[in-house]
Amino acid sequence: MKNTFEVRYASSPRDFKMYDTTRLREEFLIQNLMEPDAVNLVYTHYDRYIAGGAVPVKSALKLETIDPLKAEYFLERRELGIINVGGSGSVLVDGEKYELAYKEALYVGRENKEIIFNSDDATNPAKFYLNSAPAHKVFPTKKISQKEAEVVELGAMETANARTIRKLIVNSIVETCQVQMGMTELKPGSVWNTMPAHVHDRRMEVYFYFEVPEDQAVCHFIGEPQETRHIWMANNEAVISPPWSIHSGSATSNYTFIWGMAGENLDYGDMDFCKINELK
């Protein structure tokens, strides 16, 4: 079993303007999350958010605390959102088993001491994508299936952004302190996500791209609306979006991504839209 973590510090929009490609990727791109028999985490100072992955293959994996938390156990002062993007598996939460099929979610509340990840089949292991944020209150652990998701259809084929949004861990479905998570599926022939773009200075966000074909790529856009940059991304990679930044992308094929956020409030519609013809 392997447990690793790294820390990312916050950047100002003024400093951001000076970053070259290498620095952009070092600050915001998260790679190698889905490593077999490992739990890999990135702790970002944007709202103290953690994004990570757990892929149990040969044996179960336990979510251990990390040094930046200064906690006896991982969820001592935190909550956790989990979405399975691999084969079927299960999560043991203080001894209670939750089965998670592909694209099913689990919210785990504060003060649960032992989180253990398992795969049903080592030849097709579960891939648990993890998001965590500080929590001020204990809420019950709850599984959210695809049928329980709040579904929204947005965009159109004419603008190459026809997409289905599935809200999974949101306050209209499950009580949380901060963490909000959902999934956006681009329809065949559509490639643009979150367009028109927006910012929400009250919350930060992390995008995790998957179902990207091996020979294809996603171009993720980041930065203030008048000072944008791009990061090329592959399958099973994530990107940190600061509160002052847009978070939008286009790809060379359709794909799916998970959005996760935390911050000032839980209002999913709390955003400031950017006119497409004013982006720079």
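Note that this is a predicted model, so its numbers are computed, not measured. (Residues numbered from 1 in each chain as written. Predicted model: local features only at pLDDT ≥ 70, side-chain atom pairs only at ≥ 80, totals over all residues. Heavy atoms only, no water.)

Our focus in this paragraph is the nonpolar core. Counting residues in each nonpolar core, the largest one holds 56 residues, and the members touching the most others are F28, Y129, F208, Y209 and I258. When sequence neighbours within four positions are dropped, the list of residues in contact with F208 reads L33, M34, V85, Y129, N236, E237, A238, T256, F257 and I258. Within the second largest apolar cluster, 25 residues are counted, among which are I50, A71, L106 and V108. (Core = buried A, V, L, I, M, F, W, Y, C linked by side-chain atoms within 4.5 Å. Buried < 20%, exposed > 50% of the residue type's maximum accessible area, 1.4 Å probe, protein only. Contact = heavy atoms within 4.5 Å.)

With that settled, consider the UniProt feature "binding site: Zn(2+)" (unreviewed entry) in the protein chain. This chain's UniProt record puts "binding site: Zn(2+)" (unreviewed entry) on H198, H200, E205 and H247. A maximum C-alpha distance of 11.8 Å is found for the annotated residues, which run over 50 residues; spatially they form one tight group. Summarising the element assignment, H200 is placed in the loop between β16 (198–199) and β17 (203–210). Classification of H200 as buried rests on a relative accessible area of 1%. Once you skip the residues sitting within four places of it in the chain, H200 turns out to touch E205, P243, H247, D270 and M271. Within the secondary structure, H247 sits in strand β21 (residues 246–251). A relative accessible area of 1% places H247 in the buried class. What H247 contacts, discounting residues up to four positions off in sequence, is N193, T194, H198, H200, E205, Y207, H220, F221 and S241. Of the polar contacts made by the side chain of H247, one reaches the side chain of H200; its length is 3.2 Å. (UniProt positions renumbered as here; feature names shortened; annotations may be inferred. Helix = DSSP H or I, 4+ residues; strand = E, 2+ residues; numbered from the N terminus. Polar contact = N/O pair within 3.5 Å; in protein donor to acceptor, adjacent residues only side chain to side chain.)

Moving on, we come to the packing of aromatic side chains. The geometry of two aromatic rings is summed up by the distance between their centres and the angle between their planes. Under the defined criterion, the tally for this structure stands at 13 aromatic pairs. Ring centres of Y102 and F210 lie 6.5 Å apart, and the angle between their planes is 90°; on these two criteria the pair is classed as edge-to-face. With Y102 in the loop between β8 (96–100) and β9 (105–108) and F210 in strand β17, this pair connects stretches of sequence that are 108 residues apart. Ring geometry for Y207 against F257: centres 4.4 Å apart, planes inclined by 35°, an arrangement best described as tilted. Of this pair, Y207 sits in strand β17 while F257 sits in strand β22 (residues 256–263), placing them 50 residues apart in sequence. In this pair, the class of Y207 matches that of F257, namely buried. (Phe/Tyr/Trp six-rings, centres within 6.5 Å; stacked < 30°, edge-to-face > 60°.)

Backbone hydrogen bonds hold the strands of a sheet together, and the pairing may be parallel or antiparallel. With antiparallel pairing, seven strands are arranged side by side in an open sheet as β2-β20-β17-β22-β15-β14-β13. The two strands at the open ends of the sheet, each matched to only one other strand, are β2 (29–30) and β13 (150–154). As judged from the five bridges shared by β13 and strand β14 (residues 163–169), these two strands associate in the antiparallel manner. Paired with L154 across the bridge in β14 is R163. (Pairing = 2+ DSSP bridges.)

With antiparallel pairing, the four strands of this open sheet are ordered in space as β5-β10-β7-β8. At either margin of the open sheet sits one strand with a lone partner, and together these are β5 (61–62) and β8. Pairing between strand β7 (residues 89–93) and β8: five bridges, direction antiparallel. Among the inter-strand pairings, V91 is bridged to a residue of β8, identified as Y98.

Another point: the pattern of salt bridges. Going through the model one piece at a time under the given rule, you end up with 16 salt bridges. The shortest N-O distance in the salt bridge between K62 and E114 comes to 3.7 Å. Separated by 52 residues along the polypeptide, K62 in strand β5 and E114 in the loop between β9 and β10 (115–119) bring together distant segments of the chain. For E114, a relative accessible area of 34% translates into the label partly exposed. Linking R166 and E185 is a salt bridge whose minimum nitrogen-to-oxygen distance equals 3.1 Å. Here E185 lies in strand β15 (residues 180–186) and R166 lies in strand β14, a separation of 19 residues in the sequence. Pair check on accessibility: R166 and E185 agree, each one buried. Sharing partners across several salt bridges, the network here consists of K103, R166, E185 and E211. (Salt bridge = Lys/Arg side-chain N within 4 Å of Asp/Glu carboxyl O.)

Every second residue of β9 is oriented toward a common face, with A105 and Y107 on one face and L106 and V108 on the other, all of them buried. The pairing of strand β6 (residues 78–84) with β9 spans four bridges and is antiparallel. Note on β9: the bridge partner recorded for I82 is L106. Pairing of β9 with strand β12 (residues 142–144), which is carried by three bridges, proceeds in the antiparallel orientation. In the strand pairing of β12, L106 is matched with K143.

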